[in-house]
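Geometric and topological summary
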Amino acid sequence: MEPSPSLPPGVAFMNGPHGTCPTCSVPGRALYSVARVPSTSNVLFHTRAEARAVPMGALELATCDSCGLLWNAAFDEGLVDYRQGYEETQSFSPTFRSWLDATASEIAQEHQLEGKLVVEIGCGKGEFLASLCAASGARGLGIDPSASAGRVDLSSGAGLKFLLEPVGNINPIDDVELIVCRHTLEHIFQIGPFLREIERACSPHTPLLIEVPDLTRVLTEGAFWDLYHEHATYFTLGSLVRWIRSMGRPVQTLERVYSNQNLMLFSDPGRPDDLQLQGESPTEQRRALDQFNQQAKDSMARTNSLLNKIQAQGGTSVLWGAGSKATGLLVTLGVEDQVAAVVDINPDKTGSHIAGTGHRVIAPGELQEIKPDLVLVMNSLYCDEISANLKAMGLAPRIEALA
Ligand SMILES: [Zn+2]
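Residues numbered from 1 in each chain as written. Predicted model: local features only at pLDDT ≥ 70, side-chain atom pairs only at ≥ 80, totals over all residues. Heavy atoms only, no water.

1. Structural notes on the overall build of the protein
Helix and strand counts for the protein stand at ten helices and 19 strands. A globule of 403 residues ought to have a C-alpha radius of gyration of about 22 Å, and the protein, at 21 Å, matches this closely. Relative to its 403 residues, the protein shows a buried fraction of 56%. Taking all contacts inside the protein whose residues are at least 6 apart in sequence as the whole, residues at least 24 apart take part in 66%. Accessible surface, the protein as shown: approximately 16,700 Å² in total, 50% of it carbon and sulfur. (Helix = DSSP H or I, 4+ residues; strand = E, 2+ residues; numbered from the N terminus. Rg over C-alpha atoms; globule rule 2.2 N^0.38 Å. Buried < 20%, exposed > 50% of the residue type's maximum accessible area, 1.4 Å probe, protein only. Contact = heavy atoms within 4.5 Å. Areas by Shrake-Rupley, 256 points an atom, 1.4 Å probe, with all protein chains shown as cover.)

2. Some thoughts on empty space enclosed by the protein
Counted according to the given criterion, the structure contains two cavities of 30 Å³ or more. Lining the largest cavity are Val-37, Pro-38, Ser-41, Leu-227, Tyr-228, His-229, Thr-327, Gly-328, Val-331 and Thr-332. Elements represented by at least two residues in the lining of the largest cavity include exactly β2 (27-38) and α8 (324-333). Ranked by residues supplied to the lining of the largest cavity, first place goes to α8 with four residues. Residues of the lining of the largest cavity, tallied by class, amount to five nonpolar, five polar and no charged. (1 Å grid on protein atoms, 1.4 Å probe; cavity = no way out; pocket = protein on both sides within 12 Å on 5 of 7 lines; lining within 4 Å. Points joined across faces, edges and corners; volume = space filled by probe spheres on them. Nonpolar A, V, L, I, M, F, W, Y, C, P; charged D, E, K, R; others polar.)

3. With respect to the coordination of the zinc ion
At the metal site, the zinc ion is ligated by Cys-21 (SG), Cys-24 (SG), Cys-64 (SG) and Cys-67 (SG), and these contacts range over 2.2 to 2.3 Å. Every donor residue of the zinc ion comes from the same chain, spaced as C-x2-C-x39-C-x2-C. You can call Cys-21 buried: its relative accessible area is 2%. (Donors = N, O, S within 2.8 Å, 3.2 Å for Na, K, Ca; no water.)

4. Regarding the domain arrangement of the protein
What the domain assignment reports for the protein is domain 1 (11-85), domain 2 (94-283) and domain 3 (310-401). Taking only C-alpha atoms into account, the centre of domain 2 sits 31 Å from that of domain 3. Interface area, domain 2 with domain 3, both sides summed: about 1,100 Å², of which 53% is carbon and sulfur. Between domain 2 and domain 3 we count one salt bridge in total. (Domains from an automatic or database assignment. Buried area = accessible area lost by both parts, 1.4 Å probe. Salt bridge = Lys/Arg side-chain N within 4 Å of Asp/Glu carboxyl O.)

5. Some words on the packing of aromatic side chains
Applying the stated rule across the entire model yields seven aromatic pairs. Their ring planes at 45° and their centres at 6.0 Å tell us that Phe-13 and Phe-292 sit as a pair that is tilted. Note that Phe-13 is positioned in strand β1 (residues 11-20) and Phe-292 in helix α7 (residues 282-312), a separation of 279 residues in sequence. Assigned by exposure class, Phe-13 and Phe-292 land together as buried. The interplanar angle of 80° and the centroid separation of 5.3 Å between the aromatic rings of Tyr-32 and Phe-292 together place this pair among those described as edge-to-face. Taken together, the residues span a long stretch of sequence, with Tyr-32 in strand β2 and Phe-292 in helix α7 at a distance of 260 residues. Here Tyr-32 falls in the buried class, since its relative accessible area comes to 1%. Lying across the ring of Phe-13, Lys-297 places its NZ or CZ 5.1 Å from the centre. (Phe/Tyr/Trp six-rings, centres within 6.5 Å; stacked < 30°, edge-to-face > 60°. Lys NZ or Arg CZ within 6 Å of the ring centre and 35° of its normal.)

6. Digging into the sheet that holds strand β17 (residues 361-362)
Here five strands make up an open sheet; going across it, the order is β17-β15-β14-β18-β19 and the pairing parallel. Either end of the sheet is taken by a strand with one partner, and the two such strands are β17 and β19 (398-401). Each of β14 (317-320), β15 (341-343) and β18 (374-377) touches α8; the most contacted strand, β14, lies at about 140° to it. (Pairing = 2+ DSSP bridges. Axes fitted to C-alpha atoms, helices over the stretch in contact; angles between N-to-C directions.)

7. Description of the pairing of strand β12 (residues 253-257)
Pairing of β12 with strand β13 (residues 262-267), which is carried by five bridges, proceeds in the antiparallel orientation. Within β13, the residue paired with Thr-253 across the bridge is Phe-266. Here β12 hands over to β13 after four residues, with Tyr-258 in that stretch at a positive phi of 55°.

8. Structural notes on helix α3 (residues 127-136)
Within α3, eight of the ten residues are buried, leaving the element largely enclosed by the surrounding structure. Among the residues of α3, Glu-127, Phe-128, Leu-129, Ala-130, Ser-131, Leu-132, Cys-133 and Ser-136 are the ones counted as buried. The secondary structure elements touched by the buried residues of α3 are α2 (94-110), β6 (117-121), β7 (139-143), β8 (160-163) and β9 (176-182). Of the residues flanking the end of α3, it is Gly-137, one or two places downstream, whose phi is positive at about 80°.

9. A closer look at the nonpolar core
Ranked by size, the top nonpolar core spans 44 residues in total, and within it Tyr-32, Phe-224, Leu-227, Leu-319 and Leu-329 carry the most contacts. Put simply, the parts of the chain that give this core at least two residues each are β1, β2, β4 (56-63), α5 (215-221), α7, α8 and β18. Top element by residues in this core is α7. It accounts for eight residues. Leaving out residues up to four positions away in the same chain, Leu-319 has contacts with Ala-326, Leu-329, Leu-330, Val-339, Ala-341, Val-342, Val-343, Leu-376 and Met-378. (Core = buried A, V, L, I, M, F, W, Y, C linked by side-chain atoms within 4.5 Å.)

10. What to know about the side chain of His-353
Take His-353: it is sitting in strand β16 (residues 353-354). Overall, the relative accessible area of 10% leaves His-353 in the buried class. A polar side-chain atom of His-353 sits 2.9 Å from the main-chain carbonyl oxygen of Gly-358. (Polar contact = N/O pair within 3.5 Å; in protein donor to acceptor, adjacent residues only side chain to side chain.)

Now the structure itself:
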């Protein structure tokens, strides 16, 4: 299909054969592409020039009509670098922090973990593992080549340790009570072999808790800013549960969490499979994919027109939330000076620049000088927190949430 003239440069929607499914080897189907996106979206840079010189990759969203999995067919692992300035934590936000702690205490209540070993694959800075150990009295072992435990209390629960290695390099670990794998599988292209590596390190009989972003909401809302080069694999409830079962694991919990932004699945090989848990069928998912096509086009046009209108009126727009979503939005739409800056409450991000476009990240306090006319909130979950913050500064801009 020819790119529509109203789409941003480099953006295309299509519907044709594309490669094969990474998990079931059925021919794939291409849906959507962006020619140039930062290879890693959630990295911030010291200077605008560095940010604009970030290695670029491509996004080619493809799906398997048989199992429903989606993936970035242009994913290039060699381009992804989580070590340099990678900042995946959102824990400066009270909203996020309280959700993290609530999830940890819920898991602590459901599982008897006191004195037991919990292994988290892809633990990042270890905030969730520390919270889970504190709530349950467990011992924690975080495995992540980009782990940095600078901010967590290593004495949480029965103590925390970190191994800065890929799970494939880890020698088998005895007596693991629970494996946690949060926001990690989406960064892996060959998810089948990756799960086998986890099971080799922690035993295939160990219960496993998985959390990944839910693509369903992205599809139905046309949230194109939530698609990234470094997200190699995308899941819906249906495709996640079908994949886990195809790996020979039973499923006992399958739910949407975090205001339908994430999926959570629990698999205990020692208990029977709850076959009621099915998620979307591949047919239902195809309908959601059709919705993405229309919703994303509408959303691109709407956001562009809003930003252009504010600029034409001599007004100032800012984004709130300097994470991957901001990068995705700015880069896909090719936004330059229609957005003055990106606000973030994490002081570590202040003064840095967004990958690809180089937009400056500012602390909320700087808005008192900028006096924005429009605050575009990247995640509606934080709208109340942000409104209160703006009000406390005596500011009353128009606030629009993207999703
Ligand atoms: Zn498949």
